[in-house]
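Analysis of the macromolecular model
Residue strings, one per chain:
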Amino acid sequence: MMNQANIISDLILWIEKNLEQPLSIDHVAEKSGYSKWHLQRMFKKVTGQILGTYIRNRRLTHAALALKLTSKPILDIAMQYRFDSQQTFTRSFKKQFNVTPATYRRKELWDPSGLMPPIELNKTQLKLPEPSFVNFPEKAFWGITYKNNCSLNELLQHNAILRGQFFVDYLAKYFKNNAALPDKVYSFTRRYNDKDNLDEQQIFYTIAIEDNNIIENAQQYTCHGGLYVCFKYIGPPTGLSAFVSQIYLEAISMLNVKLRLADVIEIHYNHSNLTPLSDVMDIRTFECDYCIPVILKDTPQDTK
């Protein structure tokens, strides 16, 4: 017989896939095969959280991401996550994020406080390194830009696809010229709401170096710099997306910062083990600094 932790873990995975579907306690209890009273007691015992509150907080987290990362109307987002009216949605949203949905969307600086990650009972929790704060100067680089469109749910996946394209395309240009790879390769990611599809993002991913003496068809790209909080990742390429997700949903909300609109910077190191036939899936150890543009709370710009 499955133990209670496994039962609740499977149920949480099902909830995550169905946040846009009816998820009353009766619906969830029917899925679990237990009475709603027994299920709620079991959920609280295993997770320490109240089932109905957990579902609402996860829906509000998804709604907050949709407000900042899409152009969908607020009413549509409220209906998407099963709130019975925009007024009910606004009341619940303000309780979790301390501002209305309209204000949350409108603010130039993004306060990540209130975002709630999913519970993962049976997964080894990634241990995030201590972040470092770095002031990058404005600087010109030379590189190649890739563009892609994706939905909110595909955002991290598409970033990984573009990152993989770097290994099969960009690095090949180095080996074609029999050139040694530089110590640092930079990538700059920026996103824009898609004006033609309100549920999608336009992702621009620029791979660049500090010199323009090797790469064909490279174009100059200027990073405007500013304050960044940086996390070092060392591990398999397949683990980077989970690492990034944990940064945004857990680590950032614990820091006294707000996110500002600027490039996300990745600084990639140690390419000596790569060959002309290297593919992102063949690389066992991937090392980079993942740097997020921020501003410290309670600074003059924090009023934006």
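Residues numbered from 1 in each chain as written. Predicted model: local features only at pLDDT ≥ 70, side-chain atom pairs only at ≥ 80, totals over all residues. Heavy atoms only, no water.

**Digging into helix H4 (residues 51-69)**
In a regular helix each residue adds 1.5 Å, so 19 residues correspond to 27 Å; H4 covers 27 Å between its end C-alpha atoms and thus fits that length. Counting buried residues in H4 gives 15 out of 19 residues, a clear majority hidden from the surface. (Helix = DSSP H or I, 4+ residues; strand = E, 2+ residues; numbered from the N terminus. Expected span 1.5 Å × (residues − 1). Buried < 20%, exposed > 50% of the residue type's maximum accessible area, 1.4 Å probe, protein only.)

**Describing the nonpolar core**
Counting 47 residues, the largest nonpolar core has Phe 89, Phe 93, Tyr 104, Ile 252 and Ile 292 as its most contacted members. Not counting residues within four places of it along the chain, the set of residues in contact with Phe 89 comprises Leu 60, Ala 63, Ile 74, Ile 77, Ala 78, Phe 83 and Pro 101. Counting residues in hydrophobic clusters, the runner-up holds 17 residues, among them Leu 11, Leu 39, Leu 51 and Ile 55. (Core = buried A, V, L, I, M, F, W, Y, C linked by side-chain atoms within 4.5 Å. Contact = heavy atoms within 4.5 Å.)

**What about the pattern of salt bridges?**
One pass over the structure, following the stated rule, counts 6 salt bridges. A salt bridge links Asp 26 to Lys 36, with the nearest nitrogen and oxygen atoms 3.4 Å apart. One end of the pair, Asp 26, is in helix H2 (residues 25-32); the other, Lys 36, is in helix H3 (residues 36-47), and 10 residues separate them in sequence. In this structure, the salt-bridge partner of Asp 289 is Lys 232, at a minimum N-O distance of 3.0 Å. With Asp 289 in strand E9 (residues 286-296) and Lys 232 in strand E6 (residues 226-235), this residue pair connects regions lying 57 residues apart in the sequence. For Lys 232, a relative accessible area of 33% puts it in the partly exposed group. (Salt bridge = Lys/Arg side-chain N within 4 Å of Asp/Glu carboxyl O.)

**Some words on the environment of Lys 36**
Its relative accessible area of 29% is what places Lys 36 among the partly exposed residues. Taking the C-alpha atoms as reference points, Lys 36 and Asp 26, 10 residues apart in sequence, are found 6.3 Å from one another. What Lys 36 contacts, discounting residues up to four positions off in sequence, is Ile 25, Asp 26 and Ala 29. One polar contact links Lys 36 to Asp 26, side chain to side chain, over a distance of 3.4 Å. (Polar contact = N/O pair within 3.5 Å; in protein donor to acceptor, adjacent residues only side chain to side chain.)

**Overview of the side chain of Arg 59**
In this structure, Arg 59 sits in helix H4. Buried within the structure, Arg 59 lacks any salt-bridge partner; its nearest side chain of opposite charge belongs to Glu 20, at an N-O separation of 9.0 Å. (Lys, Arg positive; Asp, Glu negative; His and termini not counted.)

**Description of the packing of helix H1 (residues 4-17) against H3**
Between H1 and H3, the least distance of the axes is 10 Å, while the angle of their chain directions is 100°. Between H1 and H3, the interaxial angle falls into the category roughly perpendicular. Where H1 abuts H3, its residues Gln 4, Ala 5, Ile 7, Ile 8, Leu 11 and Ile 12 lie against Leu 39, Met 42, Phe 43, Lys 45, Val 46 and Thr 47. (Axes fitted to C-alpha atoms, helices over the stretch in contact; angles between N-to-C directions. Parallel < 35°, antiparallel > 145°, perpendicular 65-115°, else oblique.)

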